[in-house]
Amino acid sequence: MAFDRRSFLKYSSAALFSGAITQFASAGTSSQRKMKIDLSCGRIGVRADQKQAIDYAHKYGFEAVVPDAGYLGKLSDSELAALKADMKSKNLVFSAAGMPVDFRNDESKFQQGLKALPASSAALQRAGVTRTGTWLMPTHAELTYNANFKRHARRLKEVTRILADHGLRFGMEYVGPKTLWSSKKYPFIHSMPETKELIAAIDVKGVGLILDSWHWYTAHETKDDLLTLTNDDIVAVDLNDAPAGLEIDEQIDQKRELPMATGVIDLATFLNTLNSIGYDGPVRAEPFNAALRKLPADQAVAATSTAMKKGFALIN
């Protein structure tokens, strides 16, 4: 069943005593999978700086943590070396960073962001980060599909060339719910095939997908769609469940559930198919869930840890 606040408190308290805070022992061994369970504090409503995020990830048994380019760029060589040594001792690696350039609005904002991108990209490269990504708005009030596609292809080609120069792969997340892509005059990219078309138009090495089980589900996609991909096509993965009692086309983007909360989304097929194609990158929860966001930080991370562990236990 879906989580309300009381369920979350019970769920997260159980995590504190279930062994989830130490290792993901039953969540698939290293010989069974290459993908890593990733902690993104911001995606679960937890405020944490880079060091705090690393501590949370270690305490609750995660295997990767989201990098903060701003923080990393301010570290001296010795400070960065110490941070990387601390992460290594905790069996943690950096996952995928966000892409800071505003490419969705006016040209001046885009150009301003583009000028700042080399510095943030260099900070990530220096820290050993190799993955970045962002999401695509699936609708527009003024631009037709073709006009919007051309603008995305042009702008993101400029962005990804800079990222590629710094050894950074770039993933794009399509947003699937009909309630969102039909909300304005002109629908835009909201499926895997359409995103592949944009990747081809950008035509820069290292550009791929951010896959989200939620958007895979709301786009009415299947195992066969996942089997069209290789490990090289996927930069990062989000793992979410959906509220029960709604048809697929009634689902609302900002109302999701933690993995395994309802069983609405077939996460066994989703994860096992990714595993079968050898996906080796980060997998993080992004539930946009109000009850989760109301919890104290430790309880929110513990609940997320338990949910991710249950999801990864499906891998065989």
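Everything numeric in this text was worked out from a predicted model, so none of it was measured. (Residues numbered from 1 in each chain as written. Predicted model: local features only at pLDDT ≥ 70, side-chain atom pairs only at ≥ 80, totals over all residues. Heavy atoms only, no water.)

## Let's talk about the overall build of the protein
Item 1. Tallying secondary structure elements over the protein gives 13 helices and 11 strands in all.
Item 2. The globule rule puts the C-alpha radius of gyration for 316 residues at 20 Å, and the 19 Å found for the protein is close to it.
Item 3. With the C-alpha coordinates of the protein rotated into their principal frame, the extents come out at 55 × 55 × 35 Å.
Item 4. Within the span of the protein, comprising 316 residues, buried residues form 52% of the whole. (Helix = DSSP H or I, 4+ residues; strand = E, 2+ residues; numbered from the N terminus. Rg over C-alpha atoms; globule rule 2.2 N^0.38 Å. Buried < 20%, exposed > 50% of the residue type's maximum accessible area, 1.4 Å probe, protein only.)

## Looking at the side chain of Ser-95
Item 1. As for its position among the elements, Ser-95 is in the loop between strand 3 (93-94) and strand 4 (96-98).
Item 2. On the basis of relative accessibility, which here comes to 3%, the residue Ser-95 falls in the buried class.
Item 3. Within the structure, the side chain of Ser-95 is placed 3.0 Å from the side chain of Asp-38, a separation counted as a polar contact.
Item 4. With near-sequence residues (within four places) excluded, Ser-95 lies in contact with Asp-38, Ala-64, Val-65, Val-66, Pro-67, Val-129, Arg-131 and Pro-282. (Polar contact = N/O pair within 3.5 Å; in protein donor to acceptor, adjacent residues only side chain to side chain. Contact = heavy atoms within 4.5 Å.)

## As for the layout of surface pockets
Item 1. What the largest pocket holds in volume is close to 510 Å³.
Item 2. As for the largest pocket, its lining consists of 35 residues, and the residues nearest its centre are Ser-40, Gly-42, Arg-43, Val-66 and Glu-286.
Item 3. Secondary-structure elements contributing two or more residues to the lining of the largest pocket are helix 2 (50-59), strand 4 and strand 5 (131-135).
Item 4. Broken down by class, the residue content of the lining of the largest pocket amounts to 19 nonpolar, eight polar and eight charged. (1 Å grid on protein atoms, 1.4 Å probe; cavity = no way out; pocket = protein on both sides within 12 Å on 5 of 7 lines; lining within 4 Å. Points joined across faces, edges and corners; volume = space filled by probe spheres on them. Nonpolar A, V, L, I, M, F, W, Y, C, P; charged D, E, K, R; others polar.)

## A few points about the pattern of salt bridges
Item 1. The tally for this structure, following the rule as stated, stands at 14 salt bridges.
Item 2. When the shortest N-O distance is used, the salt bridge between Glu-158 and Arg-154 registers 3.6 Å. With Glu-158 and Arg-154 both in helix 6 (residues 145-165), this residue pair falls four residues apart, about one helical turn.
Item 3. A relative accessible area of 26% means that Glu-158 is categorised as partly exposed. (Salt bridge = Lys/Arg side-chain N within 4 Å of Asp/Glu carboxyl O.)

## Here we look at the environment of Ser-120
Item 1. As for its position among the elements, Ser-120 is in helix 5 (residues 107-126).
Item 2. Exposure remark for Ser-120: the relative accessible area of 18% places this residue in the buried category.
Item 3. Counting along the chain gives 19 residues from Ser-120 to Thr-139, while the straight-line C-alpha distance between them is 29 Å.

## Some points on the UniProt feature "domain: Xylose isomerase-like TIM barrel" (unreviewed entry) in the protein
Item 1. Feature annotation in UniProt places "domain: Xylose isomerase-like TIM barrel" (unreviewed entry) on residues 54-299, given in this structure's numbering.
Item 2. Helix makes up 43% of residues 54-299 and strand 15%, whereas the separation of the span's terminal C-alpha atoms amounts to 16 Å. (UniProt positions renumbered as here; feature names shortened; annotations may be inferred.)

## Re empty space enclosed by the protein
Item 1. Under the counting rule described, the total for this entry stands at one cavity of 30 Å³ or more.
Item 2. For the largest cavity, the calculated volume is near 30 Å³.
Item 3. Taken together, Arg-43, Ala-96, Ala-97, Gly-98, Thr-132, Gly-133, Ile-210, Ala-236 and Arg-284 make up the lining of the largest cavity.
Item 4. Among the secondary structure elements, those contributing two or more residues to the lining of the largest cavity are strand 4 and strand 5.
Item 5. It is strand 4 that provides the largest number of residues to the lining of the largest cavity, a total of three residues.
Item 6. Of the residues that constitute the lining of the largest cavity, the class distribution is four nonpolar, three polar and two charged.

## What to know about the packing of aromatic side chains
Item 1. Throughout the structure, instances matching the rule amount to three aromatic pairs.
Item 2. Ring centres 6.2 Å apart and planes at 20° place the aromatic pair Tyr-145 and Phe-149 in the stacked group. Placement of the pair is Tyr-145 and Phe-149 together in helix 6, with a separation of four residues, close to one helical turn.
Item 3. A residue is classified by how much of its surface remains accessible, and Phe-149, at 16% relative accessible area, is buried.
Item 4. Ring geometry for Trp-216 versus Phe-270: centroids 5.2 Å apart, planes at 50°, classification tilted. Pair noted here: Trp-216 is in helix 9 (residues 213-218) and Phe-270 is in helix 11 (residues 267-276), with a separation of 54 residues, a long-range link. Neither residue differs from the other here; Trp-216 and Phe-270 are each classed as buried.
Item 5. By the ring-pair criterion, three or more aromatic residues cluster together here, those being Tyr-145, Phe-149 and Phe-188.
Item 6. Arg-104 extends its terminal NZ or CZ atom over the ring of Trp-135, reaching a point 3.8 Å from the ring centre. (Phe/Tyr/Trp six-rings, centres within 6.5 Å; stacked < 30°, edge-to-face > 60°. Lys NZ or Arg CZ within 6 Å of the ring centre and 35° of its normal.)

## Some remarks on the sheet that holds strand 5
Whenever strands of a sheet pair, they do so through backbone hydrogen bonds, lying parallel or antiparallel.
Item 1. Across the sheet, which stays open at both edges, the nine strands sit in the order 3-2-1-11-10-9-7-5-4 with parallel pairing between neighbours. The sheet is open, and its two borders are formed by strand 3 and strand 4, each paired with just one other strand.
Item 2. Inspection of the sheet shows strand 1 (residues 36-39) paired to strand 2 (residues 64-65) by two bridges, in the parallel sense. Directly across from Asp-38, in strand 2, lies its bridge partner Ala-64.
Item 3. Each of strand 1, strand 10 (234-239) and strand 11 (282-285) touches helix 13 (residues 297-312); the most contacted strand, strand 11, lies at about 125° to it. (Pairing = 2+ DSSP bridges. Axes fitted to C-alpha atoms, helices over the stretch in contact; angles between N-to-C directions.)

## Structural notes on helix 2
Item 1. Those residues of helix 2 that fall on the buried side of the exposure criterion are Gln-50, Ala-53, Ile-54, Tyr-56 and Ala-57. One side of helix 2 holds all its buried residues, which, seen down the axis, span an arc of 160°.
Item 2. Buried-residue contacts for helix 2 involve strand 1, strand 2, helix 3 (69-73), helix 4 (77-89), strand 3 and helix 13.
Item 3. Within two residues after helix 2, Gly-61 carries a phi angle of roughly 80°, on the positive side. (Arc of directions from axis to C-beta.)

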